[in-house]
Amino acid sequence: MSGKHLNDTALEIERYEARELPLHRFALDRRSFMKSIGGGIAVLLVAENTLGFQESGRRGGGMQEEMPREIDVWLHIPPDGRVTVFTGKVEIGQNIRTSLSQTVADELHVSLDAIDMVMGDTQLTPFDMGTFGSRSTPQMGTQLRRVAFAARELLVGLAAKRWNADAKMLVAENGKVSDPAGNRSLSYADLAQGQLLAQDIPAEDPVTPATEWKIAGQPVHKIGARDFVTGRHKYTPDLKRPGMLYGKVVRPVAFGATLTSADLSAAKAMPGVVAVRDGDFIGVAAPDEFTAERAAAAIKTEWKTTPQSSSRELFDYLKKNAETDPQEENRFRQTKGSVADALASAAHRVDATYTIAYIAHCPLEPRAALAEWNDGKVTVWTGTQRPFGVRQELTEAFHLSDDKARVIVPDTGAAYGGKHSGECAVEAARIAQAAGKPVHLLWTREEEFTWAYFRPAGLIEVKGGVSTDGLLTAWEFHNYNSGAAAIATVYEVPNQLTEFHPVNAPLRQGSYRSLAAAANHFARESHMDDLAHACGMDPLDFRMKNLQDARLRDVYQAAAQQFGWQGRKKAPGHGFGIAGGIDKGGHIATCAEVAVDHSSGEVQIVRVVETFDCGAVVNPDGLKNSIAGAITMGIGGALYEAIEFDDGKILNPHFAQYRVPRFKDEPQIEVVLVDRKDQPSFGAGETPIVGLAPAVGNAIFDAIGVRLRSMPMLSGGTLPANA
């Protein structure tokens, strides 16, 4: 085998929209930092560099992430006994605040309600590359468990010293350290009183086995859930500051347009309005949103545009514009055996092309930022997956040092990979700088559809060969543009060629939930179904015959059993499909039932059963909710969603024109968890979306005998005319 190989647990490196972050250095020494947080116990980190990654649809390189050094506090226990945990991860609806709190409470042996989690604040939390790639649970969960262990060891050591006792004989439980032999105990608060101590995290990983978890592993309600459902929680669009103005940006007439002239005089003449031009950027601020909109509309601009491609010729464009000599860091090429010879001698062969449309992220909370300048320092509240990345964008845009820019991320109304970049934060900061007052900037839904980046479109060509006994003999897989995530087949094939081809793409594109894994699973699992039918085998039996991975076999069997795959009986117009795979350490199998009305062309997903193994489960209720949400979101990309564009303009930038799943589209969803307490925990925010589209496509084929090879599979909400 030659070329790069992305293992199952690695974070695929595919980024367009973000630049690499520099390694961070900090000015404070340990003593100064300890004084700044006050008395109590702090757990700090001294660690060697660890390999960190960024994600999205193209890049295949990595960077060295420098884990925070000694002055970075992870956990602090002040004399009042509350436990404050600091992490650069952010809460974007995936409920990581709850599961990380469970992990710390479990290892520190305190109640869950004793934990306060400070997240995503570049002034308070350790450096973090970002919240993406399903890394929060395996990476940060492990890190914080080590931190909590170090804190518990320090507290036990303090008690042992005070009592002149053997630390091994003491017990830390329920927020206190006890000496059973001496019938005495001290609370963590008592031990912290008057102390100013720090503890380094040990190099080894003393992780409590999942079989011994008491708080982690249990179904726990979302922390702060009442605030979210009652409206008490303030998202970035809800925030206000004294003297705040409302911002608006004048957008170009098309992608890549150059500003040739601008007349801001009419806007500047309006009472209370500030207008600024900086290069091609034009922004206004006003006392209210309506006036800001009027001021932006009053600015007269002229733009120079260049002809651009359209969605009508998108897939021809991707094939023709593949990079002929991509840099090694952008490549994925895996070879084994002789594919050409195996295809030529195969008893059954299927060649096909699959297409993946551009789609939008459609978060409930569009991009928003509140920026405020004070004494040459800018503070920005914004919803982002990469607070430190946004801070870098601010420091570069305004030529600031890191200590002159602060990014604070309130718990955010979703992102799905779409909020890595900080353009809204930079825009708000630029307008606020001109206004001399805090400025709140909220993108409209049309701006979100138009100026945010999209999930990469793709063209995937697959060739497969099978022997007379149903064994795969050849597999050739070429992905143009959409990415290399989960591109390698999980099935046993002696002759393989798998390659990702980067493309100079026509639209701005970047990370999306599961990266390219959804596209690659759709093509692979659709093709596996065709090969199964070509050799006359049941689709599940065919997969199992060619599959050795024990965990994937287990989830297939569990899903099939729950679904009733064996002995299934179809109603007229109904069909059943199955698909599965491995991504980011998670093993998944999905079964779907669809009902197809061939006369109207309507397709209804009736039932979905999904089995998921992500190792030891931290919060089963939260995990089930995440899986159900991924299934619902996957319906859009599978059946409806597609960005239409022409000559640098988005043609459907509103929900009235862009179809997302609706309540009537929701199927019966059944989630089966395989809780592997013998395995480390992996993330679950992304992998559960990858099985839906191929399972539904396979079910449609089962219903009407027509293979749909495009995502979305429906055209205008109904079957294509040739189906």
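Engineer: Looking at this structure, I do not really get the overall build of the protein. What am I missing?
Structural biologist: Assigned secondary structure in the protein consists of 17 helices and 31 strands. A compact globule built from 723 residues would reach a C-alpha radius of gyration of about 27 Å, and the protein, at 27 Å, matches this within 12%. Based on the C-alpha atoms only, the size of the protein along its principal axes is roughly 80 × 80 × 50 Å. Looking at the protein as a whole, 60% of its 723 residues are labelled buried. The contacts of the protein with a sequence gap of at least 6 include a subset with a gap of at least 24, amounting to 77%. Surface accessibility of the protein: about 28300 Å² in total, with carbon and sulfur atoms responsible for 49%. Within the protein, one finds 76 positive and 89 negative side-chain charges whose respective centroids are separated by 2 Å.

Engineer: Sorry if this is basic, but what is going on with the packing of aromatic side chains here?
Structural biologist: Any two aromatic rings considered together are summarised by their centre-to-centre distance and by the angle between their planes. Per the stated rule, a full pass over the model turns up twelve aromatic pairs. On the numbers, 5.2 Å between centres and 80° between planes, the contact of tryptophan 373 with phenylalanine 398 is edge-to-face. Remark: phenylalanine 398 occurs in helix α10 (residues 387-398) and tryptophan 373 occurs in strand β18 (residues 368-374); sequence separation between them is 25 residues. With relative accessibility at 12%, the residue phenylalanine 398 sits in the buried group. Here a set of aromatic residues connected by ring pairs shows up, and it is made of Tyr358, Phe454 and Phe645. Over the aromatic face of tyrosine 512 sits the side chain of arginine 455, whose NZ or CZ is 5.4 Å from the ring centroid.

Engineer: Any chance you could explain the environment of aspartate 263 here in plain terms?
Structural biologist: Looking at where aspartate 263 falls in the secondary structure, it is placed in strand β12 (residues 258-263). The residues contacting aspartate 263, other than those within four sequence positions of it, are Ala298, Ile299 and Lys300. Looking at aspartate 263, its side chain comes within polar contact range of the side chain of serine 265, at 2.7 Å.

Engineer: What's the story with unusual backbone geometry in this structure? I'm lost.
Structural biologist: Residues apart from glycine generally show negative phi values, whereas peptide bonds are mostly found in trans. For the bond running from methionine 711 to proline 712, omega is 5°, close enough to zero to count as cis. You can see proline 712 is positioned in the segment after β31 (710-711). Backbone geometry places asparagine 183, a non-glycine residue, at a positive phi of 50°. In this fold, asparagine 183 is placed in the loop between β8 (176-179) and β9 (184-187).

Engineer: Any chance you could explain the sheet that holds strand β27 (residues 602-613) here in plain terms?
Structural biologist: By definition, the strands of a sheet pair up through backbone hydrogen bonds, in either a parallel or an antiparallel sense. What the four strands build is an open sheet, ordered β25-β26-β27-β30; its pairing is mixed. If you trace the sheet from one side to the other, it starts and ends with β25 (574-583) and β30 (668-673), each paired once. The sheet shows a mean angle of 15° between the axes of neighbouring strands, taken without regard to direction. Summarising the sheet, strand β26 (residues 586-597) and β27 pair through eleven bridges and their orientation is antiparallel. Across the sheet, the residue bridging to isoleucine 588 is phenylalanine 612, located in β27. Strands in contact with helix α15 (residues 550-563) are β25, β26, β27 and β30; relative to β26, the strand with the most contacts, it is inclined by about 35°.

Engineer: Teacher, can you tell me more about the nonpolar core here?
Structural biologist: A general tendency of soluble globular proteins is for nonpolar side chains to be buried together. Counting 136 residues, the largest nonpolar core has Leu394, Tyr556, Leu639, Ile643, Val696 and Ile700 as the members making the most contacts within it. Here the element with the most residues in this core is helix α16 (residues 620-640); it accounts for nine residues. Dropping the residues within four chain positions of it, valine 696 is found in contact with Ala592, Val594, Ile605, Leu639 and Met713. One finds Ala105, Leu108, Leu154 and Ala160 within the second-largest nonpolar core, a separate group that totals 41 residues.

Engineer: When you look at the side chain of glutamate 448 in this model, what are you seeing that I'm missing?
Structural biologist: Along the chain, the position of glutamate 448 falls in helix α12 (residues 445-451). Its relative accessible area of 7% is what places glutamate 448 among the buried residues.

Engineer: Any chance you could explain the pattern of salt bridges here in plain terms?
Structural biologist: Opposite charge on two side chains allows them to pair when their charged atoms are near. If you walk through the whole model with that rule in mind, you get 38 salt bridges. A salt bridge links aspartate 646 to arginine 312; the shortest N-O distance between them is 3.6 Å. Within this pair, whereas aspartate 646 is found in strand β28 (residues 645-646), its partner arginine 312 is found in the loop between β15 (300-304) and α8 (314-320), the two being separated by 334 residues in sequence. Residue classification places aspartate 646 among the partly exposed positions, given a relative accessible area of 28%. Among the ionic contacts, a cluster of salt bridges with common partners joins Glu525, Asp529, Asp530, Arg543, Arg707 and Arg709.

Engineer: I keep staring at the sheet that holds strand β19 (residues 377-382) and nothing clicks. Help me out?
Structural biologist: Read from one edge to the other, the open sheet built from seven strands follows the order β13-β14-β11-β21-β18-β19-β20, with strand pairing classed as mixed. The sheet is open, and its two edges are formed by β13 (274-278) and β20 (405-408), each paired on a single side. The sheet shows a mean angle of 20° between the axes of neighbouring strands, taken without regard to direction. As defined by bridge partners, strand β11 (residues 245-249) adjoins strand β21 (residues 439-442) across two bridges and the pair is classed as parallel. Counted as the bridge partner of tyrosine 246 is histidine 440 from β21. Packing of α10 onto the sheet brings it into contact with β18, β19 and β20, and relative to β20 it is tilted by some 150°. Helix-sheet contacts for helix α11 (residues 423-435) involve β11, β13, β14 (281-286), β18, β19 and β21, and the interaxial angle to β18 is about 40°.

Engineer: Mind showing me how you'd approach the side chain of aspartate 538 here?
Structural biologist: One can find aspartate 538 in the loop between α13 (517-534) and α14 (539-545). A polar contact of 2.9 Å, which involves the side chain of aspartate 538, links it to the backbone nitrogen of leucine 540. Not counting chain neighbours up to four residues away, the residues in contact with aspartate 538 comprise Ala532, Trp565 and Arg568.

Engineer: So what exactly am I meant to see when it comes to α10 here?
Structural biologist: For α10, with twelve residues, the first-to-last C-alpha span of 17 Å sits near the 16 Å given by 1.5 Å per residue. Of all twelve residues that make up α10, ten are buried, and the element is covered over most of its length. Considering only its buried residues, α10 is in contact with β18, β19, β20 and α11. Once α10 ends, the next one or two residues include histidine 399, with phi positive near 55°.

Engineer: So what exactly am I meant to see when it comes to helix α3 (residues 136-163) here?
Structural biologist: Since one α-helical turn is 3.6 residues long, residues separated by three or four positions face the same way. When the terminal C-alpha atoms of α3 are compared, their 39 Å separation across 28 residues agrees well with the 40 Å that a helix rising 1.5 Å per residue should span. Of all the 28 residues making up α3, 22 are buried; the element is thus mostly covered by neighbouring parts of the structure. Positive backbone phi, approximately 55°, marks asparagine 164, located one or two places after α3.

Engineer: Got a minute to help me understand the packing of helix α2 (residues 96-108) against α3 in this structure?
Structural biologist: Helix-helix packing is described using two parameters, namely the angle between the two axes and the distance between the axes. Look at α2 against α3: their axes get within 8 Å of each other, and the N-to-C directions meet at 30°. The angle between α2 and α3 places the two elements in the roughly parallel class. Every pair of crossing elements has a handedness; the one defined by α2 and α3 is right-handed. Facing Ile96, Leu100, Thr103, Val104, Asp106, Glu107 and Leu108 of α2, the residues of α3 in contact are Ser136, Thr137, Met140, Gly141, Leu144, Arg145, Ala148, Phe149, Ala151, Arg152 and Leu155. Of the residues in the contact of α2 with α3, the class split is ten nonpolar, four polar and four charged.

Calculation rules
- Residues numbered from 1 in each chain as written.
- Predicted model: local features only at pLDDT ≥ 70, side-chain atom pairs only at ≥ 80, totals over all residues.
- Heavy atoms only, no water.
- Helix = DSSP H or I, 4+ residues; strand = E, 2+ residues; numbered from the N terminus.
- Rg over C-alpha atoms; globule rule 2.2 N^0.38 Å.
- Buried < 20%, exposed > 50% of the residue type's maximum accessible area, 1.4 Å probe, protein only.
- Contact = heavy atoms within 4.5 Å.
- Areas by Shrake-Rupley, 256 points an atom, 1.4 Å probe, with all protein chains shown as cover.
- Lys, Arg positive; Asp, Glu negative; His and termini not counted.
- Charge placed at Lys NZ, Arg CZ, Asp CG, Glu CD.
- Phe/Tyr/Trp six-rings, centres within 6.5 Å; stacked < 30°, edge-to-face > 60°.
- Lys NZ or Arg CZ within 6 Å of the ring centre and 35° of its normal.
- Polar contact = N/O pair within 3.5 Å; in protein donor to acceptor, adjacent residues only side chain to side chain.
- Pairing = 2+ DSSP bridges.
- Axes fitted to C-alpha atoms, helices over the stretch in contact; angles between N-to-C directions.
- Core = buried A, V, L, I, M, F, W, Y, C linked by side-chain atoms within 4.5 Å.
- Salt bridge = Lys/Arg side-chain N within 4 Å of Asp/Glu carboxyl O.
- Expected span 1.5 Å × (residues − 1).
- Parallel < 35°, antiparallel > 145°, perpendicular 65-115°, else oblique.
- Left-handed = near helix turned anticlockwise from the far one by under 90°.
- Nonpolar A, V, L, I, M, F, W, Y, C, P; charged D, E, K, R; others polar.

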